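# Overview (structure and organization)
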Amino acid sequence: MSTWANLGLQDSASPLMEQLIFFHDHALLILVMITVLVGYLMFMLFFNSYINRFLLHGQLIEMIWTILPAIILLFIALPSLRLFYTLDEINEPSVTLKSIGHQWYWSYEYSDFNNIEFDSYMIPTNELATDGFRLLDVDNRVVLPMNSQIRILVTAADVIHSWTIPALGVKVDGTPGRLNQTNFFINRPGLFYGQCSEICGANHSFMPIVIESVPVNNFIKWISNNVNS
Ligand code: CUA
């Protein structure tokens, strides 16, 4: 999760988020180089006398500064497309989780396991444990196995919501009447926090998501305890 003064991206907990961070850094580097170059040129214009006896036209430089930006854009566009299609790839998921957005909470269904279902509400500040995270902790966490391909189906019951977890590189809109799909692979245990990120009404800020990533054995124990009850 994000803590004080953490203005950049969160540490990744999935291979896809790792790739997203690499692409972000790559694009940012190109952006910085362009900004520095253009800034330098604009600055040097102040010291230009605008007089040159021989400079009337320049075919070559016009060619270069037309084609060069197009080539630079390709260096952003091609990795972007590669990442885009990688994110969309589904690799034989071992668990499917359905998350349904409501005003203003999430509910979850484990369709593979006798359809375990539960609601997940934010814990109000006055009921929060001393080690709890305000506006971020929920009463029922989503438990998922680490090192497994997980498929997420997202929909909504009333208005558009968005199931977003920065550390996993996941952000999918839940839309009434539709079922959206995404997937991820959590590569370490821990708690991963997320929030709704479609403006969905008065309590939009108060429908967080908490994923509890555990080893597969613990996941099986958790799921079998809940199936019986
Ligand atoms: Cu649900 Cu914003």
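What counts as what
Residues numbered from 1 in each chain as written. Predicted model: local features only at pLDDT ≥ 70, side-chain atom pairs only at ≥ 80, totals over all residues. Heavy atoms only, no water. Helix = DSSP H or I, 4+ residues; strand = E, 2+ residues; numbered from the N terminus. Rg over C-alpha atoms; globule rule 2.2 N^0.38 Å. Buried < 20%, exposed > 50% of the residue type's maximum accessible area, 1.4 Å probe, protein only. Contact = heavy atoms within 4.5 Å. Areas by Shrake-Rupley, 256 points an atom, 1.4 Å probe, with all protein chains shown as cover. Domains from an automatic or database assignment. Buried area = accessible area lost by both parts, 1.4 Å probe. Salt bridge = Lys/Arg side-chain N within 4 Å of Asp/Glu carboxyl O. Polar contact = N/O pair within 3.5 Å; in protein donor to acceptor, adjacent residues only side chain to side chain. Nonpolar A, V, L, I, M, F, W, Y, C, P; charged D, E, K, R; others polar. UniProt positions renumbered as here; feature names shortened; annotations may be inferred. Pairing = 2+ DSSP bridges. Expected span 1.5 Å × (residues − 1).

We now examine the overall build of the chain. Counting its secondary structure elements, the chain contains 3 helices and 10 strands. Taking 229 residues into account, the globule formula puts the C-alpha radius of gyration at 17 Å, and the chain, at 24 Å, lies well above it. Structurally, the chain occupies a C-alpha span of about 90 × 40 × 35 Å along its principal axes. For the chain, with 229 residues in total, the buried portion stands at 32%. Sequence-distant contacts, at least 24 apart, represent 65% of the contacts inside the chain between residues at least 6 apart. Looking at the chain as shown, the accessible area adds up to about 14500 Å², and 62% of this sits on carbon and sulfur atoms.

Each assigned domain of the chain is listed here: domain 1 (15-88) and domain 2 (95-228). Between domain 1 and domain 2, the C-alpha centre-to-centre distance is 40 Å. Listed as interface residues are 5 residues of domain 1 and, on the opposing side, 7 residues of domain 2. Summing both sides of the interface, domain 1 and domain 2 together bury roughly 460 Å²; the carbon and sulfur share of this comes to 54%. On inspection of domain 1 and its partner domain 2, the count reaches 0 salt bridges. Remark: the boundary between domain 1 and domain 2 carries 0 residue pairs in polar contact (both at pLDDT 80 or more). If you tally residues by element for the side of domain 1 that touches domain 2, the top one is helix α1 (residues 15-45), at 4 residues. For the side of domain 1 that touches domain 2, a count of residues per class yields 5 nonpolar, no polar and no charged.

Residues annotated by UniProt as "domain: Cytochrome oxidase subunit II transmembrane region profile" (unreviewed entry) correspond here to residues 1-91. Helix makes up 67% of residues 1-91 and strand 0%, and the two end C-alpha atoms of the span are 26 Å apart.

Per the UniProt annotation, the sites labelled "domain: Cytochrome oxidase subunit II copper A binding" (unreviewed entry) are residues 92-225. Between the end C-alpha atoms of residues 92-225 there is a gap of 25 Å, over a span that is 7% helix and 45% strand.

Burial along strand β3 (residues 116-120) is one-sided: Ile116, Phe118 and Ser120 are buried, while Glu117 and Asp119, pointing the other way, are not. Pairing of strand β2 (residues 105-110) with β3, which is carried by 5 bridges, proceeds in the antiparallel orientation. Residue pairing across strands places tryptophan 106 opposite serine 120, the latter belonging to β3. Between the end of β2 and the start of β3, which pair antiparallel, lie 5 residues, with asparagine 114 showing a positive phi angle near 55 degrees.

Glancing now at unusual backbone geometry. Between glutamine 103 and the following residue, tryptophan 104, the backbone shows a cis peptide bond with an omega angle of -5 degrees. Within the secondary structure, tryptophan 104 sits in the loop between β1 (95-102) and β2. Even without a glycine there, the phi angle at tyrosine 50 is positive, about 60 degrees. Tracing the backbone through its elements, the reader meets tyrosine 50 in the loop between α1 and α2 (59-88). By relative accessible area, tyrosine 50 is classed as exposed at 64%.

Since the α-helix turns once every 3.6 residues, residues separated by three or four places project in the same direction. The end-to-end C-alpha separation of α1 is 45 Å, in line with the 45 Å expected for 31 residues at 1.5 Å each. Burial in α1 covers these residues: Leu16, Met17, Ile21, Ala27 and Ile30. Buried residues belonging to α1 abut α2 and β8 (180-185).

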